[in-house]
Amino acid sequence: MRTITMPRGILAVVSHPDDETFGCGGTLALHASGGASVDVLCLSCDPLERRSEIVGAAEELGVHEPMVFEDTSIEYAPGLIRRVSDTIVDLRPKVVVTHAPFDYHREHRAAYEVVKEAVEWAAHTTTYAEPCVVERLLLMEVNTLIPIPHVLVDVSSVMDRKRRAIRRHVSQLAKFRWGYYEEFNEKKAQLRGAQGGCAYAEAFLEEQLPRSGPFYPVKSVSSLL
Ligand SMILES: [Zn+2]
């Protein structure tokens, strides 16, 4: 009988190079510094030069070198969903982080749809011999703020790492001469820190995941306690 490997670590699935840093860079750095396995999957990279920026940012955050799909756009389509669910089953993350469904960037909303379905397929015994049941799906804020966060992560101890990672996304920072990304991310972390009783924090929504039924390794539970 084969042993099913238990889920571990965190996987952030993001649309573009920079989303991993702006949305959840502090949280990734925090868990990596604590010894967790932290991976990033970037669903598109256009232009390809941005790949070196996300690799540089990952070095600053202390996470594994990102996996980068070289697609030029993101569509909610079966091929991409399967590539993401295959990655989840390979890496076996305990927590997946991605975009929120109300984000004002169309490709961020598409990534949410893709990742939510991929997390679902990855858990199915009908799809994989060794399915991966992700325990938590967290949705981050990049430029669109979450009205009522479910989870605030204290990233005060790694805020300098996040600042250094932000500065590695040179091509994006150059789009706004008044320092928009640096200032917005600083103030966003302060705002969430004020809510969370700490200096700097990152905010997330948490998505409910179906976990009992014919498709899952656990068919039913005998207690809610
Ligand atoms: Zn993006």
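The text that follows walks through the structure, step by step, so that each part is easy to find. (Residues numbered from 1 in each chain as written. Predicted model: local features only at pLDDT ≥ 70, side-chain atom pairs only at ≥ 80, totals over all residues. Heavy atoms only, no water.)

## Things to note about the pattern of salt bridges
Here the structure, examined in full by the defined rule, presents 16 salt bridges. Arg 163 is paired through a salt bridge with Glu 186; the nearest N and O atoms lie 2.7 Å apart. Placement of Arg 163 in helix 5 (residues 159-168) and of Glu 186 in helix 7 (residues 180-196) is noted, with a sequence separation of 23 residues between them. If you follow the salt bridges from partner to partner, you end up with Glu 59, Glu 60, Arg 164 and Arg 168 in one network. (Salt bridge = Lys/Arg side-chain N within 4 Å of Asp/Glu carboxyl O. Helix = DSSP H or I, 4+ residues; strand = E, 2+ residues; numbered from the N terminus.)

## Observations regarding helix 1 (residues 19-33)
Here helix 1 is 15 residues long and its end C-alpha atoms lie 20 Å apart, about the 21 Å a rise of 1.5 Å per residue gives. Along its length, helix 1 shows its largest kink, about 80 degrees, at Gly 25. Counting buried residues in helix 1 gives twelve out of 15 residues, a clear majority hidden from the surface. Gly 35 occupies a position one or two residues after helix 1 and carries a positive phi of about 100 degrees. (Expected span 1.5 Å × (residues − 1). Bend = angle between axes of the 7 residues up to and from the residue. Buried < 20%, exposed > 50% of the residue type's maximum accessible area, 1.4 Å probe, protein only.)

## Concerning a nonpolar patch on the surface
On the surface, a nonpolar cluster with roughly 330 Å² of combined accessible area is contributed by Val 218, Val 221 and Leu 224. Along the chain, Val 218 turns up in the segment after strand 7 (201-207). Under the relative-accessibility criterion, Val 218 is labelled partly exposed at 43%. (Patch = residues over 30% accessible without salt bridge, like charges linked within 9 Å, V, L, I, M, F, W, Y side chains within 5 Å. Areas by Shrake-Rupley, 256 points an atom, 1.4 Å probe, with all protein chains shown as cover.)

## Points about the pairing of strand 5 (residues 136-140)
Within strand 5, four of the five residues are buried, leaving the element largely enclosed by the surrounding structure. Summarising the sheet, strand 4 (residues 95-98) and strand 5 pair through four bridges and their orientation is parallel. Pairing of Thr 98 across the sheet is with Leu 139, part of strand 5. You can see the chain leave strand 4, run along helix 4 (residues 106-122) and come back into strand 5, and the turn it takes is right-handed. (Pairing = 2+ DSSP bridges. Right-handed = clockwise from strand over helix to strand, strands pointing away.)

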